[in-house]
Amino acid sequence: SLIYRAGVLGRAPQVPTDFATLETRARAAMSARAWAYVAGGAGSGATMRANRAAFERHALVPRMASGHVSRDLSVELFGRRLPTPLLLAPIGAAAMVRADSDVHIGRGAAATGVPYILSNQGCSPMEDVAAAMGDAPRWFQLYWSTDDALVDSLLRRAEASGADAVVVTLDTTMLGWRPQDLNLGSLPFSQGIGIAQYTSDPRFREIVRERTADPGRAKGDVEVTLGAIRTMLSISREHPGSLRDNLRSPEPRAAVETFLDIYSNPGLDWETLATIKSRTSLPVLFKGIVHPDDARRAVEAGADGIVVSNHGGRQVDGAIASLDALPAVRAAVGEGMPLVLDSGVRSGADVVKALALGADAVAIGRPYMYGLALAGGAGVRDVVANLVAELDLTMGLIGAETVDDLTPEILTTGPAAG
Ligand code: FNR
């Protein structure tokens with residue numbers, strides 16, 4: 001309401017209050033590579049468009065004269081009361097946009113009380129981000145490594161640095177086909193961006209030492225991996241093409257493939273995932289689920305929650321919109337299981353629609369990255385504050401007092417309310 005009053009009094013806000021303007025301004029402030037990386041999606045972009053179309057297909061049917069003068073937006077997740085049903089989705093290699101990205105995002109998140117899900121492909125060691133966030137809520141996102149001891153090491157660190165939950169991302173056992181990045185020859189781990197959780201990890205260092213122990217080759221040190229990635233980048237600039245194509249040169253190949261082999265596991269299965277509960281005491285969510293049968297399997301594997309997501313349309317081109325997947329996932333897991341939805345959430349109305357269709361909370365990705373591009377941590381904070389203000393206003397205007405009032409009855413997909 002402060003933002004709203006400032007607007008009424010003629011003061012322009014620090015970051016634009018609607019997504020379209022936010023995106024346009026952020027693009028102008030970003031390098032071509034950063035823009036391609038953040039805004040880009042898989043293939044033709046069909047999934048990104050489907051995400052938006054799904055939100056637009058549902059209409060709110062406001063109810064009048066509810067008698068409420070204020071709203072309570074809070075939700076409880078895993079025993080912690082959160083001020084709003086919002087989280088910041090994990091974003092790897094965010095330093096493509098701004099140096100020390102994760103620390104700035106962490107500070108911005110802390111200023112709002114919205115949990116920040118730290119990416120496994122983060123740009124600062126999770127301990128540094130935790131230190132910058134104080135007691136503010138944070139979760140840790142894990143990519144399941146081919147090395148189980150690395151999984152355990154990352155989980156120990158997440159627990160020790162105060163994570164409230166761990167999110168295991170299932171949809172990115174391989175990177176999707178991302179033409180915007182590929183056409184620029186811009187690789188996700190370019191210049192070593194996005195591997196700080198690894199290079200700061202004792203088990204990762206050990207693996208690199210083991211795998212590069214051959215004295216005829218390179219010295220066992222993480223610098224080898226970083227150096228090889230830099231080499232790979234320069235090769236890719238000369239020969240734009242897929243990541244694997246860029247590895248044809250024998251020199252950097254061994255060390256780079258070490259890193260690529262380790263960070264995720266294309267052979268990941270439910271049996272392996274089911275070991276997660278014996279590996280950590282933290283609540284576990286599986287992220288990237290859009291099929292009700294996978295949601296059931298997740299529950300069988302011990303999930304304490306699910307993130308319904310298609311990775312912001314960055315993985316499978318032509319995939320189902322995340323909002324369209326939500327009702328069947330909710331029906332499959334029943335009422336009690338916490339569900340977070342992401343992919344395409346851009347406004348307060350979108351949050352309302354996602355909650356009405358069965359989510360307990362939503363996560364945003366690109367919007368806060370645009371805030372980061374425009375104004376660092378303060379930009380992240382303001383993007384969240386704008387979204388919260390719009391959510392609060394929308395709830396008030398449709399006659400909802402708490403998030404429990406957001407049920408399917410407030411929506412229609414038809415031209416008229418029934
Ligand atoms: C992501 N996403 C992501 N997810 C994840 O589990 N680990 C990660 O490291 C990343 N990295 C990442 C980088 C960038 C630049 C983007 C845009 C996204 C996916 C992210 O967590 C989330 O699912 C989507 O961003 C949500 O969609 P919107 O809000 O961006 O449409």
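Residues numbered from 1 in each chain as written. Predicted model: local features only at pLDDT ≥ 70, side-chain atom pairs only at ≥ 80, totals over all residues. Heavy atoms only, no water.

## Brief notes about the overall build of the protein
And step 1. The number of helices and strands found in the protein is 18 helices and twelve strands.
And step 2. Among the 418 residues that make up the protein, the fraction classed as buried is 56%.
And step 3. Considering only contacts within the protein whose residues lie at least 6 apart along the sequence, 74% involve residues at least 24 apart.
And step 4. Entry remark: accessible area of the protein is about 17200 Å², with carbon and sulfur atoms responsible for 52%. (Helix = DSSP H or I, 4+ residues; strand = E, 2+ residues; numbered from the N terminus. Buried < 20%, exposed > 50% of the residue type's maximum accessible area, 1.4 Å probe, protein only. Contact = heavy atoms within 4.5 Å. Areas by Shrake-Rupley, 256 points an atom, 1.4 Å probe, with all protein chains shown as cover.)

## Digging into the site of the ligand
And step 1. Taken together, 23 residues surround the ligand, and among them P90, S119, T169, D342 and R346 come closest.
And step 2. One nitrogen or oxygen atom from the side chain of Q141 is found 2.9 Å from a nitrogen atom belonging to the ligand.
And step 3. In the complex, the protein chains occlude 98% of the 600 Å² of accessible area that the ligand would expose alone.
And step 4. Using a 2 Å cut-off from the grid points, one finds that the ligand occupies the largest cavity.
And step 5. In terms of residue class, the shell around the ligand is made up of seven nonpolar, eleven polar and five charged. (Near = heavy atom within 4 Å. Polar contact = N/O pair within 3.5 Å; in protein donor to acceptor, adjacent residues only side chain to side chain. 1 Å grid on protein atoms, 1.4 Å probe; cavity = no way out; pocket = protein on both sides within 12 Å on 5 of 7 lines; lining within 4 Å. Sits in = over half its atoms within 2 Å of the grid points. Nonpolar A, V, L, I, M, F, W, Y, C, P; charged D, E, K, R; others polar.)

## What to know about the nonpolar core
And step 1. Counting 117 residues, the largest nonpolar core has L88 and F286 as the members making the most contacts within it.
And step 2. Ranked by residues supplied to this core, first place goes to helix α18 (residues 366-398) with 13 residues.
And step 3. For F286, the contacting residues outside a window of four places in its chain are V168, L170, W270, L273, I276, A298, A301, A303, G305, I306 and V307. (Core = buried A, V, L, I, M, F, W, Y, C linked by side-chain atoms within 4.5 Å.)

## Thoughts on the UniProt feature "active site" (unreviewed entry) in the protein
And step 1. According to UniProt, the positions carrying the feature "active site" (unreviewed entry) are H311.
And step 2. Position of H311 relative to the elements: it lies in the loop between β9 (305-308) and α16 (322-333).
And step 3. A residue is classified by how much of its surface remains accessible, and H311, at 13% relative accessible area, is buried.
And step 4. Not counting the four nearest positions on each side in its chain, H311 is found in contact with Y143, T169, D171, T172, R178, K287, D342 and S343.
And step 5. Reaching out from H311, the side chain makes a polar contact with the side chain of D171 at a distance of 2.8 Å. (UniProt positions renumbered as here; feature names shortened; annotations may be inferred.)

## Details of a nonpolar patch on the surface
And step 1. Among the surface-exposed residues, Y4, L393 and L397 lie close enough to one another that they form a single nonpolar patch of about 340 Å² accessible area.
And step 2. Residue position: L397 is located in helix α18.
And step 3. Taking relative accessible area as the criterion, L397 reaches 60% and is therefore assigned exposed. (Patch = residues over 30% accessible without salt bridge, like charges linked within 9 Å, V, L, I, M, F, W, Y side chains within 5 Å. Salt bridge = Lys/Arg side-chain N within 4 Å of Asp/Glu carboxyl O.)

## Quick word on the pairing of β9
And step 1. Because side chains alternate across β9, one face comprises the buried residues G305 and V307, and the other comprises I306 and V308, equally buried.
And step 2. Here strand β8 (residues 284-289) runs beside β9; their pairing, made up of four bridges, is parallel. Within the sheet, the bridge partner assigned to L285 lies in β9 and is G305.
And step 3. After leaving β8, the chain enters helix α15 (residues 292-300) and then returns to the sheet as β9, a path that is right-handed.
And step 4. Sheet analysis places β9 next to strand β10 (residues 339-342), joined by three bridges and oriented parallel. Residue pairing in the sheet places V307 in a bridge with V340 of β10.
And step 5. Taken together, β9, α16 and β10 constitute a β-α-β crossover, and its handedness is right-handed. (Pairing = 2+ DSSP bridges. Right-handed = clockwise from strand over helix to strand, strands pointing away.)

## Observations concerning the packing of helix α2 (residues 19-29) against α18
And step 1. Two elements in contact, α2 and α18, have axes whose closest approach is 8 Å; the angle formed by their N-to-C orientations is 105°. Considered as vectors, α2 and α18 are oriented roughly perpendicular to each other. In this structure, α2 contributes F19, L22, E23, R25, A26 and A29 to the contact, and α18 contributes P367, Y370, G371, A373, L374 and V383.
And step 2. Along the lines of polarity and charge, the residues of the contact of α2 with α18 split into nine nonpolar, one polar and two charged. (Axes fitted to C-alpha atoms, helices over the stretch in contact; angles between N-to-C directions. Parallel < 35°, antiparallel > 145°, perpendicular 65-115°, else oblique.)

## Re empty space enclosed by the protein
And step 1. Counted under the stated rule, the structure contains four cavities of 30 Å³ or more.
And step 2. Quantified by volume, the largest cavity comes out at close to 480 Å³.
And step 3. Of the voids in this model, the second largest cavity is the one considered here, and its volume is about 50 Å³.
And step 4. What lines the second largest cavity is simply L77, F78, R80, L82, P115, P137, W139, D164 and A165.
And step 5. Partitioning the lining of the second largest cavity into residue classes produces seven nonpolar, no polar and two charged. (Points joined across faces, edges and corners; volume = space filled by probe spheres on them.)

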